[in-house]
Amino acid sequence: MRATFTSLKRLLLASIAFVLGAAGLTLFVDPLQLFRPSGSAFYSDDTRVQNAGLIRSQSFDTAFMGTSLAIHFRQSDIDRALGVRSLKLAMTGSNSRQQAFVLEQAIARGARRVIWEMDDFIFVDAADIEADPYLSVDLYRGTAKGIASYLFSAAMAKESLFALLRSVPPLQGPLTRAAPFLPVKFALADVDDIYALPRDFDIAREYNAKKALAAFAYITSPVRSRFLGEGYGYDAMVRHFERDAVALVERHPDVIFDVYFPPYSILQFVAMRDASPATLKIVTDLTAVIATRLTQLPNVRLHDFRAIKAVTHELGNYGDVIHHSPVVDAMVLKWLASGEYRVDPKAPLRSLDELKAQVEVYRVPGLP
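Residues numbered from 1 in each chain as written. Predicted model: local features only at pLDDT ≥ 70, side-chain atom pairs only at ≥ 80, totals over all residues. Heavy atoms only, no water.

A. Structural view of the sheet that holds strand 5 (residues 300-304). The strand order 2-1-3-4-5 describes an open sheet built from five strands, whose pairing is parallel. Looking at which strands have only one partner, the edges of the open sheet turn out to be strand 2 (86-88) and strand 5. With strand direction ignored, the average angle separating the axes of adjacent strands in the sheet is 15°. In this structure, strand 1 (residues 62-65) lies alongside strand 2, joined through three bridges in parallel fashion. Considered in strand 2, the bridge of Phe 64 is made with Lys 88. Sheet strands in contact with helix 3 (residues 75-82) are strand 1, strand 2 and strand 3 (113-117), and its direction is about 145° off that of strand 2. (Pairing = 2+ DSSP bridges. Helix = DSSP H or I, 4+ residues; strand = E, 2+ residues; numbered from the N terminus. Axes fitted to C-alpha atoms, helices over the stretch in contact; angles between N-to-C directions. Contact = heavy atoms within 4.5 Å.)

B. Layout of the packing of helix 13 (residues 277-294) against helix 16 (residues 350-361). Look at helix 13 against helix 16: their axes get within 11 Å of each other, and the N-to-C directions meet at 165°. It follows that helix 13 is roughly antiparallel to helix 16 by the angle criterion. Handedness of the helix 13/helix 16 crossing: right-handed. Contacts from Leu 280, Thr 284, Thr 287 and Ala 288 of helix 13 reach helix 16 at Leu 352, Lys 356 and Val 359. When grouped by side-chain class, the residues that make up the contact of helix 13 with helix 16 number four nonpolar, two polar and one charged. (Parallel < 35°, antiparallel > 145°, perpendicular 65-115°, else oblique. Left-handed = near helix turned anticlockwise from the far one by under 90°. Nonpolar A, V, L, I, M, F, W, Y, C, P; charged D, E, K, R; others polar.)

C. Highlighting the nonpolar core. Val 102, Trp 116, Met 118, Phe 123, Phe 257, Tyr 260 and Leu 294 are the most contacted members of the largest nonpolar core, which totals 101 residues. Per-element accounting of this core gives the leading share, eight residues, to helix 13. Once residues within four sequence positions are removed from consideration, Tyr 260 is found in contact with Phe 64, Ala 70, Phe 73, Ile 115, Trp 116, Glu 117, Met 118, His 303, Phe 305, Val 332 and Leu 336. Grouped together as the second largest cluster of nonpolar side chains are five residues, Phe 162, Leu 175, Val 184 and Ala 187 included. (Core = buried A, V, L, I, M, F, W, Y, C linked by side-chain atoms within 4.5 Å. Buried < 20%, exposed > 50% of the residue type's maximum accessible area, 1.4 Å probe, protein only.)

D. Quick look at a nonpolar patch on the surface. Residues Leu 12, Leu 13, Ile 16, Phe 18, Val 19, Leu 20 and Phe 152 make up a contiguous nonpolar surface patch of roughly 740 Å² in combined accessible area. For Leu 20, the position within the fold is in helix 1 (residues 2-29). (Patch = residues over 30% accessible without salt bridge, like charges linked within 9 Å, V, L, I, M, F, W, Y side chains within 5 Å. Areas by Shrake-Rupley, 256 points an atom, 1.4 Å probe, with all protein chains shown as cover. Salt bridge = Lys/Arg side-chain N within 4 Å of Asp/Glu carboxyl O.)

E. Representation of the packing of aromatic side chains within the structure. One pass over the structure, following the stated rule, counts 10 aromatic pairs. One aromatic cluster is present, built from ring pairs that chain together Tyr 260, Phe 305, Trp 335 and Tyr 341. When the ring centre of Phe 42 is taken as reference, the NZ or CZ atom of Arg 166 above it lies at 3.5 Å. (Phe/Tyr/Trp six-rings, centres within 6.5 Å; stacked < 30°, edge-to-face > 60°. Lys NZ or Arg CZ within 6 Å of the ring centre and 35° of its normal.)

F. Summary view of unusual backbone geometry. Backbone geometry at Asp 30 places phi at a positive 50°, although glycine is not the residue there. Secondary-structure assignment places Asp 30 in the loop between helix 1 and helix 2 (47-57). Of note, the phi angle at Gln 33 is positive, near 60°, even though the residue is not glycine. Within the secondary structure layout, Gln 33 lies in the loop between helix 1 and helix 2.

G. Local environment of the pairing of strand 1. A two-sided burial pattern is seen for strand 1, the buried positions comprising Thr 62 and Phe 64 on one face and Ala 63 and Met 65 on the other. This β-α-β element, strand 1 to helix 3 to strand 2, shows right-handed connectivity. With four bridges connecting them, strand 1 and strand 3 associate as parallel partners. Across the sheet, the residue bridging to Ala 63 is Val 114, located in strand 3. (Right-handed = clockwise from strand over helix to strand, strands pointing away.)

H. Focus on the environment of Leu 25. Take Leu 25: it is sitting in helix 1. Spatially, the C-alpha atom of Leu 25 lies 33 Å from that of Phe 73, the residues being 48 residues apart in sequence.

I. Layout of empty space enclosed by the protein. Applying the stated criterion across every chain yields a total of one cavity of 30 Å³ or more. Here the largest cavity defines a volume of roughly 40 Å³. Lining the largest cavity, in full, are Met 118, Asp 119, Asp 120, Phe 261, Pro 262, Tyr 264, Thr 287 and Arg 306. For the lining of the largest cavity, the class distribution of residues is four nonpolar, one polar and three charged. (1 Å grid on protein atoms, 1.4 Å probe; cavity = no way out; pocket = protein on both sides within 12 Å on 5 of 7 lines; lining within 4 Å. Points joined across faces, edges and corners; volume = space filled by probe spheres on them.)

J. Examining the packing of helix 12 (residues 266-275) against helix 13 more closely. At their nearest, the axes of helix 12 and helix 13 sit 5 Å apart, and the two run at 130° to each other. Viewed along their axes, helix 12 and helix 13 adopt a mutual orientation that is oblique. When helix 12 is examined against helix 13, the residues Phe 269, Met 272, Arg 273 and Ala 275 are found in contact with a partner set consisting of Pro 277, Thr 279, Leu 280 and Val 283. Tallied by class, residues from the contact of helix 12 with helix 13 come to six nonpolar, one polar and one charged.

K. Spotlight on helix 3. Of all the positions in helix 3, only Gln 75, Ile 78 and Leu 82 are classed as buried. Buried positions in helix 3, seen along its axis, are confined to an arc of 60° and lie on one side of it. Those residues of helix 3 that are buried are in contact with strand 1, strand 2, strand 3 and helix 15 (326-338). Following helix 3 by one or two positions, Gly 83 adopts a phi angle in the positive range, close to 65°. (Arc of directions from axis to C-beta.)

L. Up close: the pairing of strand 4 (residues 256-261). Burial analysis of strand 4 places five of its six residues in the buried class, the great majority of the element. Strand direction decides the pairing type here: strand 3 and strand 4, joined by five bridges, are parallel. When the bridges of strand 4 are listed, Ile 115 appears paired with Asp 258. The sheet contact formed by strand 4 and strand 5 spans five bridges and is parallel. The residue of strand 5 that forms the bridge with Asp 258 is Arg 301.

Right, here's the structure in full:
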């Protein structure tokens, strides 16, 4: 009996020593750079986690936010086009609560300009930020709970061990080359590469009219068209816009917000017109509210790219009905720099009215 008790005691002590050792390893390596910047760190495409470390470790004056429509931009391109030092914080599939929370953290760390790619669907219902299962507010805030979840995470211990091994000169080359094929998240050597497309990416293969039209046919199919309006409700979306966008802007009158409506293909709106007209009305009514409200705020510059026919009617620019190619990314930066499509506060609905007229008359190629 005594021997059994002694064995259990040793097992318990060994387990505690192992857990503390793993936490110490994460504290020493600090793969997220929560405690100290590192010149030899690696980065992850898991932006909801990675952003917490970027905000603490990077030097920036501009925060770049958005959804998958903004995820492929490179910080170096943003900096060059707009003359800023940016930090890309775009998160695929993110909602307005997540975006507003992360932007609030970036502003607290020094951002004096925000470039915000704003989709209408970010304002659908979402979990309260304090209970969001996909974004740890405690990690961003650096609370004891957040730091403990970081240090005692088995996944972070694994990343730390791999980073430590990769720092050993004889292993550095082979492990760096093998990283993309191993079950590790922190594999990117350059912060500029986070979620960016490879520089040799085959744009024509991934973005073309065939893909855009196939996506249109898919989402307008009678068996799927109900998803076009899933989660959309005018009153709730207006409330979320006021809470997450307007309130954030008003809390920070010393920060300049460049908000832009991305250049979806015309097929996005035509799909709603043909398969879910009630959703199209919600979208246009909501964006009318957004345009009217934002253009009256002195620290907001609103840009609307949705009615630029030369881009939105050229279906070869798209991989589906909304996601545009890196060629259009470059155009977006150029338009932001020039202010060419900035919405006039005296006529906030002019570009929306142009879009409505385009949607009304557009006919999909190949359809009567």
